[in-house]
Amino acid sequence: KTFTIVDPQLLVVGSNIVNATNCTNANSGAIDINISGGVPPFNYVWSNGGSTTFSNTFVPTTSGNITCTYKDFCNATRTITFNINLKPAIQTPTITTNSPICGVGNAVFTINGTAGTTINYTLDSVPSTSIIPASGNLIITKNNASSDVELKILQIGNSNCSASTNTSSTINVSSNPITSPINSN
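Residues numbered from 1 in each chain as written. Predicted model: local features only at pLDDT ≥ 70, side-chain atom pairs only at ≥ 80, totals over all residues. Heavy atoms only, no water.

Colleague: Any chance you could break down the environment of A134 for me, citing the residues and the numbers?
Modeller: Relative to the elements of secondary structure, A134 occurs in the loop between β12 (126-131) and β13 (137-145). A C-alpha to C-alpha distance of 9.8 Å links A134 and T117, two positions 17 residues apart in sequence. (Helix = DSSP H or I, 4+ residues; strand = E, 2+ residues; numbered from the N terminus.)

Colleague: Tell me about the nonpolar core, residues and numbers included.
Modeller: By size, the foremost hydrophobic cluster in this structure holds 20 residues, and its most contacted members are A107, F109, I111, I119, L123, I140 and L151. Among the secondary structure elements, those contributing two or more residues to this core are β10 (105-112), β11 (118-123), β13, β14 (149-157) and β15 (162-171). Sort the elements by how many residues they give to this core and β14 lands first, with 4 residues. Sequence-distant contacts of I111, defined by excluding residues within four places in its chain, comprise P93, T94, I95, I119, I132, G136, N137, L138, I140, L151 and I153. Formed by 11 residues, the second largest nonpolar core is a distinct cluster that contains L11, I31, F42 and W46. (Core = buried A, V, L, I, M, F, W, Y, C linked by side-chain atoms within 4.5 Å. Buried < 20%, exposed > 50% of the residue type's maximum accessible area, 1.4 Å probe, protein only. Contact = heavy atoms within 4.5 Å.)

Colleague: Let's hear about the packing of aromatic side chains: which residues, and what values?
Modeller: Under the definition given, this model contains 1 aromatic pair. Each ring, one from Y44 and one from Y70, has its centre 5.7 Å from the other, and the planes form 85°; the classification is edge-to-face. Separated by 26 residues along the polypeptide, Y44 in strand β3 (residues 43-46) and Y70 in strand β6 (residues 64-71) bring together distant segments of the chain. The exposure class assigned to Y44 is buried, which follows from its relative accessible area of 8%. (Phe/Tyr/Trp six-rings, centres within 6.5 Å; stacked < 30°, edge-to-face > 60°.)

Colleague: Before we move on, could you go through the environment of T122 and cite the residues and values that matter?
Modeller: Mapped onto the fold, T122 is located in strand β11. Taking C-alpha positions, T122 is 5.3 Å from K152, a pair spaced 30 residues apart along the chain.

Colleague: Can you break down the side chain of S130 residue by residue, with the values?
Modeller: Assignment of secondary structure puts S130 in strand β12. What S130 contacts, discounting residues up to four positions off in sequence, is T117, T118, I119, Y121 and L138.

Colleague: Give a description of the sheet that holds β13 that names residues and reports values.
Modeller: Strand order in the open sheet formed by 3 strands is β8-β10-β13, and the pairing between neighbours is antiparallel. Sheet topology places β8 (94-97) and β13 at the edges, where each strand pairs with a single neighbour. Direction aside, the axes of adjacent strands within the sheet are offset by 20° on average. Alignment of β10 against β13, held across 7 bridges, turns out to be antiparallel. Along β13, the bridge assignment pairs I111 with L138. (Pairing = 2+ DSSP bridges. Axes fitted to C-alpha atoms, helices over the stretch in contact; angles between N-to-C directions.)

Colleague: Could you give an account of the sheet that holds β11, with specific residues and numbers?
Modeller: Read across the open sheet, the 4 strands follow the order β12-β11-β14-β15; overall the sheet is antiparallel. Single-partner strands in this sheet number two, and they are β12 and β15. Averaged over all pairs of adjacent strands, the angle between strand axes in this sheet comes to 20°, irrespective of strand direction.

By themselves, these observations are geometric and do not establish any function.
Quick look at the structure:
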């Protein structure tokens, strides 16, 4: 009898890096692995300790080098290294105010956030844009406010990306109290 031994095709590994698409979650990217050749099932071993026979997708959580070693059923192995450079997630700023105001006064909003973040906002429905300074505190003032004042942050952005937000705050302005003489009877 004659036997023909057929070696499996060479194990070939390719990859597709999906960059983070969600500015408020830097870990929204992924590394997708494509394998051809070899003999299934395949085992994926990541240098961070992760190992699986099912998933060819890895979601990095830190920057730096990560290595994946792929092994097929016949123990053919290939290794590929990725240099991960995660951008920091954009942080939604917070707002503090001097609310309430009695009578006419200056309505003062302090936006606390990451220096360099661009803020698109409305102050009483009037659109404006500012950048948070190095101190991390952006002060927005409406002088001589005589009625309630609302600040809405619509969008935030940095050099990496921008994101919509729904952050708002209202300063309540009370009219001057009516004073009456004190009756001392």
